[in-house]
Each structure stands twice: as C-alpha cells, then as structure tokens.
Amino acid sequence: MKAGLMGVAALALTAGQAMAGTRAEETRWRAHASAVTITRDDWGIAHVKGHSDADAVFGMIYAQAEDDFSRIEANYLTNLGRTAEADGEKAIWADLRQRLYADPVALRKEYDASPLWLKALMQGWADGLNYYLATHPNVHPRVLTHFEPWMALSFTEGSIGGDIERIPLSGLQSFMEQHPVAPTPDETGARPREPKGSNGIALAGRITANGHSLLLINPHTSFYFRSELQMTSDTGLHVYGAATWGQFFIYQGWNEKTGWMHTSSGVDNVDEFAETVEMRGGVPFYKYGATWRVMKAVPITVRYRLPDGGMGTRSFTTWRTHRGPVVREADGKWISFAMMWRPVPALEQSWLRTRQGDLASYRKVAALQANSSNDTLFADQKGEIAYLHPQFVPVRDNRFDYTHPVDGSDPATDWKGLHTLASLPQAINPREGWAFNTNNEPWHGAGADSPVKAAFPRYMDQVGENERGRHALLLLTGKKGWTHESLRAAAFDSFLPGFARLLPVLVADYDHLPGEDARRAALAGAITLLRGWDRRWGLESTPTTLAVFWGDTLWAQVGAKARAEHRAVPDYIIAHCTAEERLAALQAAVDRLKRDFGDWHVAWGRVNRFQRLDDSIAPHFDDARPSVPVAFTSAQWGSLASFGARPYPNTHNYYGTSGNSFVAIVEFGPKVKAWAVTAGGESGDPASKHFGDQIDRYVTGHLRPVYFWPEEMKGHVERSYHPGGKVNAGAIG
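Residues numbered from 1 in each chain as written. Predicted model: local features only at pLDDT ≥ 70, side-chain atom pairs only at ≥ 80, totals over all residues. Heavy atoms only, no water.

**Focus on the overall build of the protein**
Then, number 1: Looking only at helices and strands, the protein has 21 helices and 29 strands in total.
Then, number 2: Over its C-alpha atoms the protein spans a radius of gyration of 26 Å, differing by no more than 12% from the 27 Å that the globule rule assigns to 733 residues.
Then, number 3: Referenced to the eigenvectors of the C-alpha coordinate spread, the extents of the protein come out at roughly 90 × 75 × 55 Å.
Then, number 4: Within the protein, the fraction of its 733 residues that count as buried is 59%.
Then, number 5: Summarising the internal contacts of the protein: among those between residues at least 6 apart in sequence, 69% fall at separations of at least 24.
Then, number 6: Positive and negative charge centroids in the protein, built from 76 and 81 side chains respectively, lie 2 Å apart. (Helix = DSSP H or I, 4+ residues; strand = E, 2+ residues; numbered from the N terminus. Rg over C-alpha atoms; globule rule 2.2 N^0.38 Å. Buried < 20%, exposed > 50% of the residue type's maximum accessible area, 1.4 Å probe, protein only. Contact = heavy atoms within 4.5 Å. Lys, Arg positive; Asp, Glu negative; His and termini not counted. Charge placed at Lys NZ, Arg CZ, Asp CG, Glu CD.)

See the structure below:
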C-alpha cells in the first residue's frame, strides 16, 4: 500500500446493527473502498480517485457524507417524498406533491431497465452511502438508514428547486381536502425572496489577453447547497466543480478540456391545463375535443411522524389526465400539470456531459433532451464558446398564452413533441467573442449573434430582461484583453444598474413636490445623499444602505403584483408605483434605520452580514454573535455578485442565506487552470477548521487557486485515505 495512506479497515458491525449490509453488500463495499483514494487538500476539499467510474462515485459520495450527511439525507427525503417521516404532518403536502411523480415502484422499474453502465454508477452511489453509515455508527439518520440504487433516479437534476415546485402546495391541499387554503406569501411573491438563478459568462480566446477561453461559473443558490470536489478514474474521468449534496455528478464545473455553467432559464418548461370535468358515478371524466375521457385514479399513501415519535399515514386518491396529475382547482376547472419527468435520460445527460472533450460532443449528449430548466454557458480548450437553451422544450401552438392555464378541452393546446435542438435559441461561437446569461432573456446574450426574439415562439422566454443582464452587457460590450483576474473583477463589479434606473425616478418625484410640502424638508437629506451617489455598493457606503432599505420596502409592497404580471420588481416600481408610494417608502426606510440603528446614516457593512453559527438547514442568526461584513447586495438591484440577505424577527442586521454560493473562473489553456471560492467552507461540522475557513475570501471575492492537477496538490495535502475505518470490535469476514 502507498505510504501515508490509512488502510481499509475490515468492516466491523454488530449483528443487529440496522445499517449493516448483507454479505454481498459488504464484499462490494470493501472492493470499492480498496479501489478509492480520497485526498483532502488544505481547504478540506476532497479529490477522489477511483479505478473505475463506479469506484469514483462510491468515493465522492462517501466524501460528501463525511462533509455533510444531513444535507444529503434532507435532499433525498425531499425528492423521495418522505420528509414528513422526519418533520411530521406539516410536510405532508410537499411529500404528496413529490409523490405525484416520484413513485418508488416506477423508479425501481426504471432502474431495472437502465443501461448497465448507469446501473453500476447508481450501485456505487448507494454502496458509498451505505458504507459511510456502516462505518460511522455515531451518525444517526433521521429516516434513511439504507440507500437503494434506484433512489438516485429521484434526484437527477442539480439546480436549486425543480419544475415540480411550480405546483403550489396551498392549491394542492385545497383540492385534496376540498376547502380553501390561502396561498402563502412565498407563493404569491408578497415575501421578498432573493431571485433564484446564476451568472454564467463564456469568453472566447480571441478577446482574452493570452488567447485562452475563460468561463465564469457563478451559481446563485441557497448557501451550502453544493459540495466542491474533484473526481477522477483510471478510465478517463477527470472532473472538478460543484455537486449538489447527494448527487454523484458534477453539476457545474469543468474537466481537462471543457467547462459548463448552468443558469435557471426563463423558458416555459411546465404548463397548466384547465380541465372541464364531469362526475359520473363518482368517477371524474374530462372533456377532450368532442369526447370525454376518464381520469386515471392513482392512490398515494404518505407516512408522517407523530408527536410521540410513532408513525401515521394519510392516504389520497389523486387523479391524472394524459398530460399529468391534477394539482388544484380554479374557477370551476380542475388544473392538470405537465412537466418533464424522464429520470433515466436526465441522469444519463447529467453524467455524460462531464466526460465530453469539446463542444460537438457536449451537444451530442444534449440530444438526450432531458434538461428542461437550465441554460448552459460553455467554453473549451479549442477556444469555442456557446450559449445553449434547455433541450426539453415542448412544441406548442403559439396562439395560446401558456403563462396561464390553457383550455384543456381544446386538443390544440396539447404538447406536440419536442423542439429539435436546431430550432432552439442558441449562440455558437459568437463573433463578438462572448456569451452570457443571468437568468434573463437570451436575446442580448451574445452581442450581434444573439438569438433573434422574433424568430421564436413566445414560450421560449417568460422572464424578459433583468438588472444583472443589463450590468453584464455594460461590462462585456466592446471589451477585449480579458484575463482571469479581470473576469473576476467583473463578477464582483460594484455597479447597481437597478438603482441607476430607479433613483432618477425617485429624485424627480421629490423635485416635483410643491415648495410648501412638508416632505421637502423631511426627505431633503436622504434625497441629497442618493442624488450624489455613484450607484456602487461598498462596505462604507451609507447611500447603499438607504437605497436598499427603500427598495426593499417597495419590494415587499409590490412583489406579488410584479410576479402576477411576470415583471421584474424594478420594472414594476418604475411603471406602476406612484410618486406618493415611492416617497412614502423612502420615509419608511429613513424611519426604520433610525429605529433599528439609531441614525439613518449607516454604513452598508454595518448592516449586511455573513454569519454561520452551525449547520442547521433552517438558517438562524444572532446580532450579538460574530459576523462578517459583506459589500455586495441582492441580485434584484443588478449586483452580479449576489447576497440575498434580510433581517430576521430577532435581528436588526441583514444576514445572507443565498446568492453567490460557489464562484469559479476557469482558463482553458494547454493545461486547464482555475480559481474558486465556496460560501463558508467545505465542511458542515462546526468543529472543523473547514467550516468557515473560506468566509473572508468569500466576502472579498478573493478566489483561491484550485488544485486540479496532481502537481498543484504538492504542499497542499492535508491527508489521504481510503474510505472506511474501524468502528467496532470484531470484524465481519
């Protein structure tokens, strides 16, 4: 055995231990473990080497479990529809929603029919998690004490949230229980929430200083949403990046030759159909053209934890049309829901794209058409770059407005297969040398070679432009000589284009007040401060604080209306808020600052803070405990570096929970090089030095070098080991 490696301990388990495996499982575990080496660098990041790809999967998921098993389990409780078994009755409706699609019986059948190579990866995944639990008896899962390979098919797409979350839980509960349940503030948009999504920028070698293409990978998710790691195998796998906890593929990252960044798309990828229903003998029939079709009954039973620790069940009869399940009722119609549910192709595509060596091969994998919700920014060693639209886009009749439920009785509203890849918006090697997406419309994302809006049906984008998109255009247009450092500086550029558009409107509101209006004196200081501001965030900036408090006040007032109209909040404030409302919001911001901080002149860094107290999945904060100032703001106002923060019931300070979660810049020269930072740190253990060792770099945008190549690891190895270790006396076998 190589010097310095810890040996693979014989698996030691007591006979009655719940997480012990069968003899066959234990044999597989030991075989995988002996073929895997995990090397932790000086940031605690796992570099996993396996003989086969399945060995690498075994090792990477084992390493993830070492870092934060609780988040792995939480993700699979969500995606298997079993959260209520841990959290109780309050989670029943989320579980029922998930089980409308994630049927364990169906997933087992899909696993059985999967290609052998994919089954081997799923088996390695389950083995890695089960081996971790078997060798860590002090880890106590809330529910999932044993993982089965088919479970990987419940969670095949790595973005934050999923298409299924478009089903409102209040509507589902109302329909199933036949009594009104009010929509939550989160469902209506009344509660301000940091825009979900990401930034991706790809730069071709012809506009970089050294001729190497560059890629910015900047997902905006909830913090601690992904693990940063590397996977290699003796069969050619060599990939690095961010993997969503519990998944065995790198979701956003790079290999030796290619890199990919996914951004949540504005494409219409799910639809609702208003079904005309007639009950016949207690069975619902729905109208389809001149005929009536019987709905399919699908029974679902959800288990949930009782207050005394026991387990209860609730059984439901759900109904499906040929389009999908019925999820709510509106205006006397049953609303059926259609979305992509292709677990096996989705998992195939998620894995295979990590092994591709150029744009042509990456696009060949995209032909699986199992990515429904994510745009892709791509760059490679050949100097090619691209913007790619999601590949699962149903063909629809453009006469209909699919932003609202369409008439399900009209067959013309049906999906009619999928768009071909060639018929989707895309930009391949644009002449201006750049492509980007910030969860905005794609019509300006590649300069003159951007897709032309008029050439596509309106359902190709439903969100329009956003402030980050305007910001990116300002930074990219006409610029050459890019380096990895100038791309990093652009990713943390402090300009706030949202306030550059909003504040002139507010100032004009003030300037039009009559001379005798009392608000002229009351708001004079605030207006003077904002009038002279350069619209850039900074730790010492007092106008940043005032502007954000003003904007957030209006956001809380109009968020629901803006969502209902599919408009960005800044656009809605400009177009629909009155001068009276905008000025009243400014006074409210001044008053709140005085109340909470004693003065309305407050530096932004005093208010906006990063704090990681423990590894609780539900965040909580404390003004009395240490925290670190953060200069960048919410993406709502156009900051490319996003920090989604707000005050909590027990705090005056703003604390961040989402936004920049992983930032990487990749340079595709003869040998790929990269720089990255992760929110907080790699470990979920508060006792680990890697729980918060990246905080200072995170808040300053000071990316660290990535150790991609073995020679880059020299002098940076913390420890190397095989998975496993002694846990109990008396080894089996």
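**Comments concerning the sheet that holds strand 15 (residues 326-330)**
Then, number 1: The strand order across the open sheet formed by 4 strands is 15-16-9-19, and the pairing between neighbours is mixed. Either end of the sheet is taken by a strand with one partner, and the two such strands are strand 15 and strand 19 (406-407).
Then, number 2: The sheet contacts of helix 7 (residues 169-177) involve strand 15 and strand 16 (333-338), and relative to strand 15 the element is tilted by about 85°. (Pairing = 2+ DSSP bridges. Axes fitted to C-alpha atoms, helices over the stretch in contact; angles between N-to-C directions.)

**Here we look at the pairing of strand 8 (residues 258-264)**
It is a general feature of regular strands that their side chains alternate between the two faces of the sheet.
Then, number 1: For strand 8, the buried fraction is high: 6 of the 7 residues fall into the buried class.
Then, number 2: In this sheet, strand 8 lies alongside strand 7 (residues 252-255) in antiparallel orientation, the contact comprising 2 bridges. Its bridge partner being in strand 8, Trp254 is matched across the sheet by Gly259.
Then, number 3: Where strand 7 hands over to strand 8, the hairpin turn is made up of 2 residues, counted between the paired strands.
Then, number 4: With 7 bridges connecting them, strand 8 and strand 17 (residues 374-380) associate as antiparallel partners. The residue bridging Ser264 from the neighbouring strand is Asn374, located in strand 17.

**Some thoughts on unusual backbone geometry**
Then, number 1: Here the phi dihedral of Tyr224 falls at roughly 60°; this positive angle occurs in a residue that is not glycine.
Then, number 2: On the secondary structure map, Tyr224 appears in the loop between strand 4 (213-222) and strand 5 (226-233).
Then, number 3: Of note in this structure, Asn439 is not a glycine but carries a positive phi near 70°.
Then, number 4: Checked against the element boundaries, Asn439 lands in the loop between strand 21 (434-437) and helix 11 (467-476).

**Some words on the nonpolar core**
Then, number 1: In terms of nonpolar packing, the biggest core is built from 73 residues, with Leu203, Phe499, Leu546, Trp550, Leu586, Phe610 and Tyr698 touching the most fellow members.
Then, number 2: With near-sequence residues (within four places) excluded, Phe499 lies in contact with Pro504, Trp533, Arg535, Ala547, Val548, Trp550 and Trp637.
Then, number 3: Within the second largest apolar cluster, 62 residues are counted, among which are Tyr76, Ala102, Leu107 and Leu121. (Core = buried A, V, L, I, M, F, W, Y, C linked by side-chain atoms within 4.5 Å.)

**Brief notes about the packing of aromatic side chains**
Then, number 1: Counted under the stated rule, the structure contains 40 aromatic pairs.
Then, number 2: Each ring, one from Trp29 and one from Tyr131, has its centre 6.1 Å from the other, and the planes form 55°; the classification is tilted. In this pair, Trp29 is assigned in helix 1 (residues 23-34) and Tyr131 in helix 6 (residues 116-135), connecting sequence segments 102 residues apart. Considered together, Trp29 and Tyr131 belong to a single accessibility category, that of buried residues.
Then, number 3: Their ring planes at 85° and their centres at 5.9 Å tell us that Trp125 and Phe147 sit as a pair that is edge-to-face. Here the residue Trp125 occupies a position in helix 6, and Phe147 occupies one in the loop between helix 6 and helix 7, the gap between them amounting to 22 residues. (Phe/Tyr/Trp six-rings, centres within 6.5 Å; stacked < 30°, edge-to-face > 60°.)

**A look at the environment of Thr145**
Then, number 1: Among the structural elements, Thr145 can be located in the loop between helix 6 and helix 7.
Then, number 2: Exposure remark for Thr145: the relative accessible area of 32% places this residue in the partly exposed category.
Then, number 3: Spatially, the C-alpha atom of Thr145 lies 9.4 Å from that of Glu73, the residues being 72 residues apart in sequence.

**Overview of the side chain of Asp414**
Then, number 1: Looking at the element boundaries, Asp414 is found in the loop between strand 19 and strand 20 (426-428).
Then, number 2: Using a relative accessible area of 10% as the deciding quantity, one classes Asp414 as buried.
Then, number 3: A distance of 2.3 Å separates a polar atom in the side chain of Asp414 from a polar atom in the side chain of Tyr288.
Then, number 4: Apart from residues no more than four positions distant in its own chain, Asp414 is found in contact with Phe273, Tyr288, His322, Arg323 and Val395. (Polar contact = N/O pair within 3.5 Å; in protein donor to acceptor, adjacent residues only side chain to side chain.)

**Some words on the pattern of salt bridges**
Then, number 1: Under the counting rule described, the total for this entry stands at 36 salt bridges.
Then, number 2: Glu228 is the partner of Arg704 in a salt bridge, and the nearest nitrogen-oxygen pair spans 2.5 Å. A residue pair is termed long-range when its members are at least 10 positions apart, and Arg704 in strand 28 (residues 704-705) and Glu228 in strand 5 qualify at 476 residues. In terms of burial, Arg704 and Glu228 fall into one category: buried.
Then, number 3: Note that Asp397 is salt-bridged to Arg399, the shortest N-O span being 2.7 Å. (Salt bridge = Lys/Arg side-chain N within 4 Å of Asp/Glu carboxyl O.)

**Looking at helix 12 (residues 484-491)**
Then, number 1: Of all the residues in helix 12, the buried ones are Ser486, Leu487, Arg488, Ala490 and Ala491.
Then, number 2: As for helix 12, its buried residues are in contact with strand 3 (197-203), strand 4, helix 11, strand 26 (662-668) and helix 20 (695-700).

**Considering the packing of helix 1 against helix 6**
Then, number 1: Relative orientation of the contacting elements helix 1 and helix 6 amounts to 95°, with a least axis distance of 10 Å. Of the possible angle classes, the one that applies to helix 1 and helix 6 is roughly perpendicular. From helix 1, Glu25, Arg28, Trp29, His32 and Ala33 reach across to helix 6, where they touch Gln123, Gly124, Asp127, Asn130, Tyr131 and Ala134.
Then, number 2: Split into classes, the residues belonging to the contact of helix 1 with helix 6 amount to 4 nonpolar, 4 polar and 3 charged. (Parallel < 35°, antiparallel > 145°, perpendicular 65-115°, else oblique. Nonpolar A, V, L, I, M, F, W, Y, C, P; charged D, E, K, R; others polar.)

**Brief notes about the side chain of Asn130**
Then, number 1: Mapping Asn130 onto the fold places it in helix 6.
Then, number 2: On the basis of relative accessible area, Asn130 is assigned to the buried category, the value being 2%.
Then, number 3: Setting aside chain neighbours within four positions, we find Asn130 in contact with Glu25, Trp29, Thr145, His146 and Phe147.

**Looking at the sheet that holds strand 29 (residues 717-721)**
Then, number 1: One open sheet accounts for 10 strands, arranged 20-18-17-8-7-6-5-2-1-29; its pairing is mixed. The open sheet is flanked by strand 20 and strand 29, the only strands paired with a single partner. The mean angle between the axes of side-by-side strands here comes to 15°, regardless of whether they run parallel or antiparallel.
Then, number 2: Examined bridge by bridge, strand 1 (residues 36-41) and strand 2 (residues 46-50) share 5 bridges and lie antiparallel to one another. What sits directly across from Thr39, in strand 2, is His47.

**Considering the environment of Ala297**
Then, number 1: Checked against the element boundaries, Ala297 lands in strand 13 (residues 296-305).
Then, number 2: Its relative accessible area of 39% is what places Ala297 among the partly exposed residues.
Then, number 3: Residues Ala297 and Thr317 lie 20 residues apart in sequence; the distance between their C-alpha atoms is 6.3 Å.

**Section: helix 1**
Then, number 1: Its 12 residues give helix 1 an end-to-end C-alpha distance of 17 Å, which sits within 8% of 16 Å, the value for a rise of 1.5 Å per residue.
Then, number 2: Glu25, Glu26, Trp29, His32 and Ala33 are the residues of helix 1 that are buried. The buried residues of helix 1 occupy an angular sector of 130° when the element is viewed end-on, so they sit on one face.
Then, number 3: Looking at the buried side of helix 1, the elements it contacts are strand 1, helix 2 (53-80) and helix 6. (Expected span 1.5 Å × (residues − 1). Arc of directions from axis to C-beta.)

**Focus: the packing of helix 13 (residues 497-511) against helix 16 (residues 542-564)**
Then, number 1: Helix 16 packs onto helix 13 with a crossing angle of 80° between their chain directions and a minimal axis gap of 12 Å. Taken together, the axes of helix 13 and helix 16 lie roughly perpendicular to each other. Between helix 13, through Phe499, Leu502, Leu503 and Leu506, and helix 16, the contact on the second element is made entirely by Ala547, Val548 and Trp550.
Then, number 2: Residues that form the contact of helix 13 with helix 16 fall into these classes: 7 nonpolar, no polar and no charged.

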